[in-house]
Amino acid sequence: MKKIFLLFILLGTIFFLAPNVQAEGQTCDKITVNFVARNQKDAFVPGVNFEVFEQVNDANNNPKPGTVWASGKTDDNTGLGTATFTNDKTDSIRYGLRVWTNNKDKAFYFYDSIGFSCGSTTKIERKISGIHIVVRDSNNNIKANVPVDVFSQRYDANNRPIKEKQDSIAQLNTGNSGEITLYIPQGSVRGLNRKIEDYYVLDIRNNDLIYTVTNIKVNDQFTTELNYTFSSAVISFKDPNNNPIKDKSVIFYKQLFNALGNRVLGDRILEKKTDSAGQISFDRQPGIYAAVIKDDIDRDNIFWNIEIAEQNLTNISFTPNLTRIKMADAKDGDNFSIYSTVKDENNFVRRDQRITDKRFGASGFTDLFLSPNTYLFSYTVYGDNKAEYNQVAIIENNKFQIIDLKNQNQNTGQDKFKTIDQNLVNRLKGYILLNTEKNGEAWYVNPKDGKRYYLKDGQAAYQILKKFGSGMKTSDLKKIIVGANRATPAQDTDGDGLADDVEKAFGTNLNLKDSDFDSFSDFDEITNGYNPNGSGKLPIDNKLANNLKGKILLQVQDHGEAWYVNPKNGRRYYINPTSAYEAMKLLSLGVKDSDMEKIDKGE
């Protein structure tokens with residue numbers, strides 16, 4: 001009986017399991033795979049290719065793709081991709097999934113996660129990573145239809161990414177929307193521990209330019225946002241009077257350095273003309289460039305160090321020199337010559353080669369753009385008293401310079417000249433200069449003629465400074481604050497710090513420190529702009545003081561006292577044979593001999 005009972009149990013089990021067991025030789029029913037790819041925002045991704053493959057292992061026991069059993073593509077409207085297959089051995093097989101968009105060789109691999117049974121319908125969803133690319137111009141406007149080439153990035157021997165392209169992955173285009181998304185893996189594996197390239201390189205094309213972007217890292221299941229802006233430049237050219245230089249041809253070069261570290265012009269990049277605003281705008285890869293314009297004597301004027309930063313708009317303004325050559329007696333159409341120059345062993349500038357001849361205009365002058373250099377300007381007056389007027393000048397950019405040939409010494413016949421730096425002269429007019437390299441010689445640069453006059457000692461200084469003085473009423477002098485250094489006891493009867501001569505000029509009491517008994521000394525009141533003889537402040541006029549900087553003022557209503565208006569602070573300093581020498585020491589500006597020689601001497 002026991003054997004019969006066991007037999008019934010066995011038959012019942014077989015009967016119960018029979019519908020789910022595939023008999024030998026029986027065909028497996030169709031298997032349906034529904035695949036959905038999603039991005040970081042969980043939105044479905046259309047147009048994604050997928051394959052279901054039989055998962056195998058290599059010699060190192062790492063999973064690999066084997067026989068492909070099914071394939072499909074997600075629908076553009078529904079985002080769903082459907083594939084079917086049959087495999088009689090399905091129950092004993094592990095499956096994997098390969099997913100890609102543009103390049104099958106750079107696909108996503110999903111292992112050890114898929115199993116099927118005969119007749120089943122299985123929905124598989126996977127998140128895929130990517131790069132979302134938006135291209136804009138420097139004004140933040142979307143750039144449509146921009147070609148974008150994608151590459152894997154090369155690695156060095158230490159498995160670190162280097163800025164070199166390796167394999168081509170995709171050729172894309174931003175289309176009318178100005179954007180494109182490339183779905184690409186990072187951190188996926190073909191074997192258990194072998195990563196696919198996780199850094200990428202983009203070549204973004206803008207007409208004939210290629211902007212290369214490296215080190216683009218993609219994170220698994222995330223979309224990397226890349227907003228790329230074309231680097232560009234706006235270069236402005238204005239003259240020293242801030243007027244735009246219109247319709248001027250400008251050539252741009254790559255800036256390089258030679259073996260000595262000097263800047264040189266590299267490849268020619270482009271040539272454009274300035275517009276009505278004196279500007280040139282253009283797109284360009286990041287780098288350092290130089291601009292070259294021809295001056296009015298057909299020489300190159302080079303502007304260096306135009307640095308265009310990546311994904312940035314560079315604004316740079318350049319000011320070429322503007323030089324006015326004038327001659328009071330010149331007639332409209334008269335010629336003058338421009339020469340290059342050389343220096344001899346004694347540092348004298350000599351006439352070299354004639355560059356060109358130019359004509360004076362109806363107003364007795366002509367304006368030229370000249371590239372920086374040292375030039376000789378020469379004008380010859382013909383007739384019974386033939387005379388030649390020459391001036392050597394250092395021409396610099398960013399400056400408006402006036403070359404007045406009338407006021408220069410005539411040629412000595414030796415054809416050698418000293419270099420006059422008109423810009424230096426203009427800066428130092430009215431200063432007392434102290435030669436720091438020649439025993440401390442002192443010179444005064446007369447604001448009227450721009451020449452320097454030797455101040456041998458206190459008496460000579462007083463006489464020369466007074467010679468260049470201009471008369472001024474006492475009421476106007478009081479509008480300029482007095483500058484004073486505390487006098488020595490021999491000069492100061494009441495010991496208030498003001499020399500007796502200064503007190504006489506102000507009408508204060510030589511025997512009282514505080515002439516108006518207001519508890520403030522005469523020295524403190526005068527040097528701070530207050531009235532030493534009564535209440536309130538003096539009528540200070542800073543604008544007047546600024547206009548008179550460097551001038552010698554003579555107090556015409558009293559005893560002809562002389563005052564020097566210091567260019568540094570606009571204050572007036574009393575000068576007599578003694579105080580003039582003090583002014584030389586205390587108010588002078590140290591200048592090297594080489595710069596002193598650039599200022600013409602006065603007799």
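Residues numbered from 1 in each chain as written. Predicted model: local features only at pLDDT ≥ 70, side-chain atom pairs only at ≥ 80, totals over all residues. Heavy atoms only, no water.

### Re the state of the cysteines
Step number 1: Applying the stated criterion across every chain, the model contains 1 disulfide.
Step number 2: Shown here is the disulfide that connects Cys28 with Cys118, its sulfur atoms set 1.8 Å apart. In this structure, the disulfide formed by Cys28 and Cys118 twists by about -130° around the S-S bond and is classed as left-handed. One end of the pair, Cys28, is in the loop between α1 (2–17) and β1 (31–38); the other, Cys118, is in the loop between β6 (108–114) and β7 (121–127), with 90 residues separating them in the sequence.
Step number 3: For Cys118, a relative accessible area of 27% puts it in the partly exposed group. (Disulfide = S-S within 2.5 Å. Helix = DSSP H or I, 4+ residues; strand = E, 2+ residues; numbered from the N terminus. Buried < 20%, exposed > 50% of the residue type's maximum accessible area, 1.4 Å probe, protein only.)

### Description of the pattern of salt bridges
Step number 1: Tallied over the full model, the rule gives 18 salt bridges.
Step number 2: Between Asp42 and Lys127 there is a salt bridge, with the nearest N and O atoms lying 3.3 Å from each other. One end of the pair, Asp42, is in the loop between β1 and β2 (49–57); the other, Lys127, is in strand β7, and 85 residues separate them in sequence.
Step number 3: By relative accessible area, which is 29% here, Lys127 ends up partly exposed.
Step number 4: For Lys598, the salt bridge is made with Asp595, and the minimal N-O distance between the two is 3.7 Å.
Step number 5: What makes Lys598 partly exposed here is its relative accessible area of 24%.
Step number 6: Overall, the relative accessible area of 23% leaves Asp595 in the partly exposed class.
Step number 7: In this structure, a network of salt bridges that share partners links the residues Arg38, Lys123 and Glu125. (Salt bridge = Lys/Arg side-chain N within 4 Å of Asp/Glu carboxyl O.)

### Things to note about the sheet that holds strand β37 (residues 589–591)
In any sheet, the strands associate via hydrogen bonds between backbone groups, in a parallel or an antiparallel arrangement.
Step number 1: As summarised here, the arrangement of the 4 strands in space is β32-β31-β30-β37, forming an open sheet in which the pairing is mixed. In the strand order of this sheet, the two ends are held by β32 (452–455) and β37, each with one partner. Here the strands of the sheet are splayed against their neighbours by 35° on average, with no regard to which way each runs.
Step number 2: As paired strands, strand β30 (residues 432–435) and strand β31 (residues 442–445) are joined by 3 bridges and run antiparallel to one another. Each residue of the ladder has a partner; that of Ile432, found in β31, is Tyr444. (Pairing = 2+ DSSP bridges. Axes fitted to C-alpha atoms, helices over the stretch in contact; angles between N-to-C directions.)

### Structural notes on the pairing of strand β21 (residues 313–318)
Step number 1: Side chains of β21 alternate between two faces, with Thr314, Ile316 and Phe318 buried and Leu313, Asn315 and Ser317 left unburied.
Step number 2: By the bridge criterion, 6 bridges tie strand β15 (residues 232–237) to β21 in an arrangement that is parallel. Bridged to Ser232 within β21 is Leu313.

### Describing the packing of aromatic side chains
Step number 1: One pass over the full model with this rule turns up 23 aromatic pairs.
Step number 2: Here Tyr211 and Phe230 contribute two aromatic rings whose centre-to-centre distance is 4.7 Å and whose plane-to-plane angle is 35°, an arrangement assigned as tilted. Placement of Tyr211 in strand β13 (residues 209–217) and of Phe230 in the loop between β14 (223–229) and β15 is noted, with a sequence separation of 19 residues between them.
Step number 3: By relative accessible area, which is 1% here, Tyr211 ends up buried.
Step number 4: An angle of 80° between the planes, with centres 6.3 Å apart, marks the rings of Tyr444 and Tyr564 as edge-to-face. (Phe/Tyr/Trp six-rings, centres within 6.5 Å; stacked < 30°, edge-to-face > 60°.)

### Concerning the sheet that holds strand β4 (residues 80–85)
Step number 1: Judged by pairing direction, the sheet is mixed, and its 3 strands sit side by side in the order β4-β1-β7 without closing on themselves. Looking at which strands have only one partner, the edges of the open sheet turn out to be β4 and β7. Across the sheet, the mean angle separating the axes of adjacent strands is 25° when strand polarity is ignored.
Step number 2: Of the pairings in the sheet, the one linking β1 to β7 comprises 7 bridges and is parallel in character. Looking at β7, one finds that Arg38 is bridged to Lys127.

### Quick look at the environment of Asn576
Step number 1: With respect to the helices and strands, the residue Asn576 is situated in the loop between β36 (572–575) and α8 (579–586).
Step number 2: Under the relative-accessibility criterion, Asn576 is labelled buried at 14%.
Step number 3: Considered as a pair, Asn576 and Ala461 are 115 residues apart in the sequence and their alpha carbons are 8.9 Å apart.
Step number 4: Setting aside chain neighbours within four positions, we find Asn576 in contact with Tyr462 and Asp501. (Contact = heavy atoms within 4.5 Å.)

### Re the environment of Ile480
Step number 1: Mapping Ile480 onto the fold places it in the loop between α4 (474–477) and α5 (500–506).
Step number 2: Overall, Ile480 belongs to the buried group, its relative accessible area being 1%.
Step number 3: Separated by 91 residues in the primary sequence, Ile480 and Arg571 have C-alpha atoms spaced 6.3 Å apart.
Step number 4: Excluding anything up to four places from it in sequence, Ile480 contacts Ile540, Leu544, Ala545, Leu548, Leu553, Gly570, Arg571 and Arg572.

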